[in-house]
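Summary of the model geometry
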Amino acid sequence: PLTKRPEGPNDGGYAVNSYTEIDPAYGSEEDMARLTKKLREKGICLMLDFVVNHTSDEYPWAVKAKKGSVKYQGYYYTYADRALPDEFELSLPEVFPQTSPGNFTFNEEMGKWVMTVFNHYQWDLNYTNPEVFLAMLENLIQLSNRGVDVVRFDALAFLWKKMGTISQNLPEAHRLVSLFRLCLQVVAPGVIILAEAIVAPHEIVRYFGEGPLEGNECEIAYNATFMACLWNSVATKKTLLLNR
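Here is a short report on the structure shown in this document. Chains are numbered independently. Their residues run from 1 in the order of the written sequence. With pLDDT at 70 or above as the cut-off, local features in this predicted model cover only qualifying residues; side-chain atom pairs require 80 or more to be listed or tallied, and sums for whole chains, interfaces and linings still use all residues. Note that the side-chain values use all heavy atoms of the structure and ignore hydrogens as well as water.

**Structural notes on empty space enclosed by the protein**
Selection criterion: Cavity means a closed set of points on a 1 Å grid over the protein atoms alone, one where a 1.4 Å probe fits but cannot get out, pocket means an open set with protein on both sides within 12 Å along at least 5 of 7 lines, and lining means a residue has an atom within 4 Å of a point. Grid points are joined across faces, edges and corners, and a volume is the space filled by probe spheres set on the points. Under the DSSP-based scheme used, a helix requires at least four consecutive residues in state H or I and a strand at least two consecutive residues in state E, with every element numbered from the N terminus. Residue polarity follows a fixed list, in which Ala, Val, Leu, Ile, Met, Phe, Trp, Tyr, Cys and Pro are nonpolar, Asp, Glu, Lys and Arg are charged, and the others, Gly among them, are polar.
Scanning all chains against the criterion turns up two cavities of 30 Å³ or more. Approximately 110 Å³ is the volume attributed to the largest cavity. Lining the largest cavity are 14 residues, with L2, T3, Y19, D49 and L143 sitting closest to its centre. It is strand 1 (residues 47–51) that provides the largest number of residues to the lining of the largest cavity, a total of four residues. Looking at the lining of the largest cavity residue by residue, the class counts come to 10 nonpolar, two polar and two charged. Approximately 40 Å³ is the volume attributed to the second largest cavity. In terms of lining residues, the second largest cavity is bounded by L92, P93, V95, V117, F158, K161, I166, S167 and Q168.

Written out as structure tokens, the structure reads:
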């Protein structure tokens, strides 16, 4: 991501402090405008990240939540005690078990537990709250208005959390992605979505849309298994996994 991020640990910018403001390390707003103009002149498409699953703990919503705003605490999964987090943990896998064990972090300023599936400074957005979708749709549209042709939806498999499941690739997550796309098509029909879902091949094809959502999710997707197997073949000089 080219947008502002915490000065400390920020997961390579995937802990976002803004969805629209360019991080000064990469240049200015004017630089961005000149870049998109030059790319269009040369027929080159620009793809940028949209961190759709979480924000940093310094994002304005998180800051307001930490200061006690009930409204913005509802933008995340926040809990006063460990009862519900412990229930979630029974089925939630750990993404980074060695560096970020568990899926919840206690925030002392807020006095509550908050869901942090990736890192303690990345707060998962609560899409069961419709206000979150509307606010994120506004961010997506603003990003598209910057001259972006392809939007890379980061960690979209994690968008919906449901107790008793691994909270990945759930039907509700697919419906959310489809809703983002259909809304985006109204205002920016030339912009397409890339699925960044590190899942098995039979799961990744679902992000193109199936059943009533057929053709109404992402236009393109990473083939993560092929990518990993390709590197494995280069590293080991063996092609068994790639062939399979």
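**Describing the environment of R82**
Rules: Whether two residues are in contact is decided by their heavy atoms, any of which lying within 4.5 Å being enough. Think of a polar contact as two N or O atoms within 3.5 Å of one another; within protein, one of them needs to be a possible hydrogen donor and the other a possible acceptor, and neighboring residues in sequence only count if both atoms come from side chains.
Examined against the element boundaries, R82 turns out to sit in the loop between strand 3 (78–79) and helix 4 (83–89). With 126 residues separating them in the primary sequence, R82 and F208 have C-alpha atoms 37 Å apart. With residues near it in sequence (within four places) discarded, R82 still touches E89, F104 and W113. Of note is the side chain of R82, whose polar atom sits 2.8 Å from the side chain of D86.

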